[in-house]
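# Summary of structural features
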Amino acid sequence: MSAEIRHDWKREEVAALFALPFNDLLARAHAVHAAHHDPNAVQVSTLLSIKTGGCPEDCAYCPQAQRYHTGVEAQKLMSVDAVLERAKAAKEAGASRFCMGAAWREPKDRDIPKVAEIVRAVKGLGLETCATLGMLKAEQAQALKDAGLDYYNHNLDTAPEFYGEIIQTREYQDRLDTLEHVRDTGLKTCCGGIVGMGESRSQRAGLLQTLANLPEHPQSVPINMLVQVEGTPLAGTEALDPFEFVRTIAVARLMMPDSMVRLSAGREQMHDEMQALCFFAGANSIFYGEKLLTTSNPEAERDRKLFERLDLKPLQVTETSETVHADIVEPACEARAESAA
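Residues numbered from 1 in each chain as written. Predicted model: local features only at pLDDT ≥ 70, side-chain atom pairs only at ≥ 80, totals over all residues. Heavy atoms only, no water.

### Things to note about the pairing of strand E3 (residues 128–132)
- In terms of burial, E3 is largely enclosed, as five of its five residues are buried.
- Going residue by residue along E3, you find Glu128, Cys130 and Thr132 tucked away on one face and Thr129 and Ala131 tucked away on the opposite face as well.
- Across five bridges, the pairing between strand E2 (residues 97–102) and E3 is parallel. When the bridges of E3 are listed, Phe98 appears paired with Thr129.
- The β-α-β motif built from E2, the intervening helix H4 (residues 112–123) and the parallel element E3 has right-handed crossover chirality.
- Direction of pairing for E3 relative to strand E4 (residues 151–153): parallel, over a ladder of two bridges. (Buried < 20%, exposed > 50% of the residue type's maximum accessible area, 1.4 Å probe, protein only. Helix = DSSP H or I, 4+ residues; strand = E, 2+ residues; numbered from the N terminus. Pairing = 2+ DSSP bridges. Right-handed = clockwise from strand over helix to strand, strands pointing away.)

### Brief notes about the packing of helix H3 (residues 80–92) against H4
- Direction vectors running N to C along H3 and H4 enclose 30°, while the axes themselves pass 10 Å from each other. Crossing of H3 over H4 shows right-handed handedness. Across the interface between the two elements, Val80, Val83, Leu84 and Ala87 of H3 pack against Glu117, Ile118, Ala121 and Val122 of H4.
- For the contact of H3 with H4, the residue count by class is seven nonpolar, no polar and one charged. (Axes fitted to C-alpha atoms, helices over the stretch in contact; angles between N-to-C directions. Left-handed = near helix turned anticlockwise from the far one by under 90°. Contact = heavy atoms within 4.5 Å. Nonpolar A, V, L, I, M, F, W, Y, C, P; charged D, E, K, R; others polar.)

### Regarding the nonpolar core
- Formed by 92 residues in total, the largest nonpolar core has its most connected members in Tyr61, Phe98, Leu208, Leu211, Phe245 and Phe279.
- Per-element tally for this core: the top contributor is helix H8 (residues 242–255), with eight residues. (Core = buried A, V, L, I, M, F, W, Y, C linked by side-chain atoms within 4.5 Å.)

### What about the environment of Leu263?
- Mapped onto the secondary structure, Leu263 falls in strand E8 (residues 260–263).
- Once the C-alpha coordinates of Leu263 and Ala283 are considered, the two residues, 20 residues apart in sequence, prove to be 5.9 Å apart.
- When near neighbours in sequence (up to four residues on either side) are disregarded, Leu263 contacts Ile223, Phe245, Met270, Gln275, Cys278, Phe279, Ala283, Ser285, Ile286 and Phe287.

### Side note on H3
- An ideal rise of 1.5 Å per residue puts 18 Å on 13 residues; H3 measures up with 18 Å between its terminal C-alpha atoms.
- Among all positions of H3, only Val83, Leu84, Ala87 and Ala90 are buried. Projection of H3 onto a plane perpendicular to its axis shows the buried side chains occupying an angular sector of 120°, all on one side. Along H3, the residues that are exposed and aim more than 90 degrees away from the buried face are Asp81, Glu85 and Glu92.
- Residues of H3 that are buried in the fold lie against strand E1 (41–51), E2 and H4. (Expected span 1.5 Å × (residues − 1). Arc of directions from axis to C-beta.)

### Some remarks on the packing of aromatic side chains
- Enumeration over the complete set of coordinates arrives at three aromatic pairs.
- Ring geometry for Phe22 and Phe243: centres 5.4 Å apart, planes at 70°, overall edge-to-face. Residue Phe22 is located in helix H2 (residues 22–36), and its partner Phe243 is located in helix H8; the two are separated by 221 residues in the primary sequence.
- Note on Phe279 and Phe307: the rings are 6.3 Å apart at their centroids and 90° apart in plane angle, and the pair reads as edge-to-face. With Phe279 in helix H9 (residues 272–281) and Phe307 in helix H10 (residues 300–310), this pair connects stretches of sequence that are 28 residues apart.
- On the basis of relative accessibility, which here comes to 7%, the residue Phe307 falls in the buried class.
- Here Arg6 stacks its cationic end above the ring of Trp9, 4.1 Å away from the centre of that ring.
- It is Arg97 that lies over the ring of Tyr151; its NZ or CZ is 3.6 Å from the centre. (Phe/Tyr/Trp six-rings, centres within 6.5 Å; stacked < 30°, edge-to-face > 60°. Lys NZ or Arg CZ within 6 Å of the ring centre and 35° of its normal.)

The following block contains the structure:
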């Protein structure tokens with residue numbers, strides 16, 4: 001059941017998807033997922049914090065904000081060699097994309113050449129590269145693109161009307177402007193949000209509506225479950241019902257059928273059965289490894305065992321001989337291309 005690519009979703013349409021009987025919603029989402037992707041393949045990415053803590057922003061969920069007492073100490077930008085060592089280990093463990101995060105509100109111009117050097121080194125391993133550094137100016141985005149960056153992550157976090165309850169040190173439009181700069185350079189976008197922060201279902205619908213109505217659907221859409229960290233304002237927030245999280249994954253798949261929908265932060269708290277439902281509902285990307293920036297993530301061995309139990313396989317990559325650019329290729333598509341040749 002192939003789905004139309006739309007950028008004109010109305011809030012009531014999204015709300016109607018959320019309101020579908022659970023089994024009907026999952027059946028529809030899985031049919032769309034299978035029409036646009038290999039339903040038994042999952043992209044495996046690794047995320048490394050290359051500059052931890054000391055962020056001046058006030059994001060209510062974030063342990064890296066310097067104003068909160070969470071036990072996270074500010075650190076300097078990692079060296080190229082240190083990042084490269086972790087990237088090699090990630091590739092050996094089965095990751096095809098290496099994502100790098102720095103706790104900046106926005107990088108200074110003097111930071112960009114240092115990050116560009118890291119990107120070039122990681123790209124040289126044949127890994128896809130992704131960075132999340134905060135807000136970017138147009139020329140900074142271009143410099144990262146020139147260095148070989150494939151994706152830039154910049155989440156919207158939540159619906160426009162709930163945003164002020166979570167963050168006050170930057171505007172929603174600031175996020176949209178950074179995404180525009182990234183798209184204009186030809187970089188792929190990784191953009192999603194966090195659920196379970198006390199928002200209503202209508203506001204979860206508003207987040208997905210905003211994402212799907214962007215001029216271009218994000219190629220990667222991370223859906224994060226709030227990880228509650230002591231010392232942050234959102235510690236103690238009532239936990240989101242697991243089935244509501246699965247619904248959010250399913251609606252995201254229906255609205256953005258070609259995007260990779262990433263089951264992201266919060267997997268440490270998810271039992272295997274919940275993750276299996278998410279994969280069925282359309283999630284086809286995960287972060288793999290022990291940490292997501294500063295919060296824990298399921299051990300790689302647990303993920304390997306889960307993949308075996310669910311008959312899932314990692315998405316494979318191909319490398320061109322000249323640029324070592326790694327493109328995600330679904331095995332079934334690859335086989336069809338070889339037979340056509």
